Amino acid sequence: ILEAQNILVSLVESNPVNLGYRGLLCYTYLELWDYSYKDAQDLKTIESIAQSTRALNVSGAEGYFCEATRLYLIGRNSEAKVTVESLLNSSSQFSLLPIVYYLRGNLLVAENDHLQGLAFLEKAAELWPNWNRPYIAIARAKAAKNEFNDAAKNYQSVLSRNKEHYEAMLGLGILNYR
């Protein structure tokens with residue numbers, strides 16, 4: 001993912017008005033956040049991309065998505081939730097809509113609203129069936145609800161597409177240990 005981030009940064013720098021590239025870059029920051037320093041420079045970077053994306057198109061979906069990502073990453077989940085809801089309720093077309101459903105699902109699961117969170121995660125998986133992240137999030141949410149067999153099925157679904165998927169192997173191993 002780090003290599004993808006570097007490529008996306010290069011694409012944004014070479015074509016700074018391409019909102020699609022910016023949306024993907026915000027998603028990459030979302031995925032890499034756990035591995036970052038979370039220091040002032042990291043915060044400045046996500047703040048900068050969110051602000052500059054919103055400035056390019058104030059009402060554009062990519063700007064809302066980058067802002068929701070920024071809010072989520074700095075722990076302002078209730079504000080991120082409102083921003084994601086605004087994005088989902090807008091009539092604009094957004095190529096990264098499955099990621100918005102994924103983010104919304106994760107926000108709800110973090111609030112222990114597993115039922116609604118799972119619905120959003122399942123919608124993300126339905127829209128992009130080969131994307132593994134929603135299936136991992138679904139498996140974790142199901143395991144948190146003690147639905148271990150369903151959780152295992154989601155991990156196995158990921159492993160059927162990628163036999164070496166580390167998170168799926170680890171998650172399934174933990175479930176089998178129980």
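Every value quoted in this text rests on a predicted model; they were computed, and no experiment measured them.

End to end, helix H9 (residues 148-161) covers 20 Å across 14 residues, agreeing with the expected 20 Å (1.5 Å per residue, within 8%). As for H9, its buried residues are in contact with helix H8 (132-144) and helix H10 (166-177).

Along the polypeptide, Asp42 turns up in helix H3 (residues 40-56). For the buried residue Asp42, which engages in no salt bridge, the nearest side chain bearing the opposite charge is Lys38, 7.3 Å off. Within the local environment of Asp42, its side chain forms a polar contact with the backbone nitrogen of Tyr37, the two atoms lying 3.0 Å apart. Residue contacts for Asp42: discarding those within four places in its chain leaves Trp33, Ser36 and Tyr37.

Relative to the helices and strands, Asn106 resides in helix H6 (residues 97-110). Sequence separation between Asn106 and Gln116 is ten residues, and the spatial gap between their C-alpha atoms is 10.0 Å. Residues within four places of Asn106 in sequence aside, it is in contact with Tyr72, Leu121 and Ala137.

This part covers the state of the cysteines. This model, assessed by the stated rule, comprises one disulfide. The side chain of Cys26 participates in a disulfide bridge whose partner is Cys66; the two sulfur atoms lie 2.0 Å from each other. Between Cys26 and Cys66 the disulfide shows an S-S torsion of about 105 degrees. By sign, it is right-handed. Taken together, the residues span a long stretch of sequence, with Cys26 in helix H2 (residues 19-32) and Cys66 in helix H4 (residues 61-73) at a distance of 40 residues. The burial state of Cys26 is the same as that of Cys66; both residues are buried.

The next point concerns the nonpolar core. Within soluble globular proteins, side chains that are nonpolar tend to cluster in buried spots. With 51 residues, the main nonpolar core has Tyr27, Ile49, Phe65, Phe94, Tyr102, Leu103 and Tyr155 as its most contacted residues. Looking at this core element by element, the count peaks at eight residues for H6. In contact with Tyr155, other than residues within four places in its own chain, are Ile136, Ala139, Arg140, Glu167, Ala168, Gly171, Leu172 and Leu175.

Summed over all chains, the structure comprises twelve salt bridges. Taking the shortest distance from any N to any O, the salt bridge between Glu47 and Arg70 comes out at 3.1 Å. Of this pair, Glu47 sits in helix H3 while Arg70 sits in helix H4, and the two are 23 residues apart along the sequence. Among the salt bridges present, the one from Glu167 reaches Arg133, with a minimum N-O distance of 2.4 Å. Residue Glu167 is located in helix H10, and its partner Arg133 is located in helix H8; the two are separated by 34 residues in the primary sequence. Given a relative accessible area of 24%, Glu167 falls into the partly exposed group. Via salt bridges that share partners, Glu31, Arg133, Arg140 and Glu167 belong to a single interconnected network.

Okay, the side chain of Thr83 next. Looking at the element boundaries, Thr83 is found in helix H5 (residues 77-89). Thr83 sits in the buried class, given a relative accessible area of 12%. Excluding residues that lie within four positions of it along the chain, Thr83 makes contacts with Tyr64, Glu67, Ala68 and Leu71.

Now for the packing of aromatic side chains. How two aromatic rings sit relative to each other is set out by the distance from centre to centre and by the angle between their planes. One pass over the structure, following the stated rule, counts five aromatic pairs. Note on Phe65 and Phe94: the rings are 5.9 Å apart at their centroids and 50 degrees apart in plane angle, and the pair reads as tilted. Residue Phe65 is found in helix H4, and its partner Phe94 is found in the loop between H5 and H6; the two are separated by 29 residues along the sequence. Ring geometry for Trp128 and Trp131: centres 5.4 Å apart, planes at 75 degrees, overall edge-to-face. Relative accessible area serves as the criterion here: at 14%, Trp131 is assigned to the buried category. Taken together, Tyr27, Tyr102, Trp128 and Trp131 form an aromatic cluster joined through their ring pairs. The aromatic ring of Tyr64 is capped on one face by Arg54, whose charged end is 4.4 Å from the ring centroid. It is Arg161 that lies over the ring of Tyr135; its NZ or CZ is 4.5 Å from the centre.

Analysis parameters
- Residues numbered from 1 in each chain as written.
- Predicted model: local features only at pLDDT ≥ 70, side-chain atom pairs only at ≥ 80, totals over all residues.
- Heavy atoms only, no water.
- Helix = DSSP H or I, 4+ residues; strand = E, 2+ residues; numbered from the N terminus.
- Expected span 1.5 Å × (residues − 1).
- Contact = heavy atoms within 4.5 Å.
- Buried < 20%, exposed > 50% of the residue type's maximum accessible area, 1.4 Å probe, protein only.
- Lys, Arg positive; Asp, Glu negative; His and termini not counted.
- Salt bridge = Lys/Arg side-chain N within 4 Å of Asp/Glu carboxyl O.
- Polar contact = N/O pair within 3.5 Å; in protein donor to acceptor, adjacent residues only side chain to side chain.
- Disulfide = S-S within 2.5 Å.
- Core = buried A, V, L, I, M, F, W, Y, C linked by side-chain atoms within 4.5 Å.
- Phe/Tyr/Trp six-rings, centres within 6.5 Å; stacked < 30°, edge-to-face > 60°.
- Lys NZ or Arg CZ within 6 Å of the ring centre and 35° of its normal.

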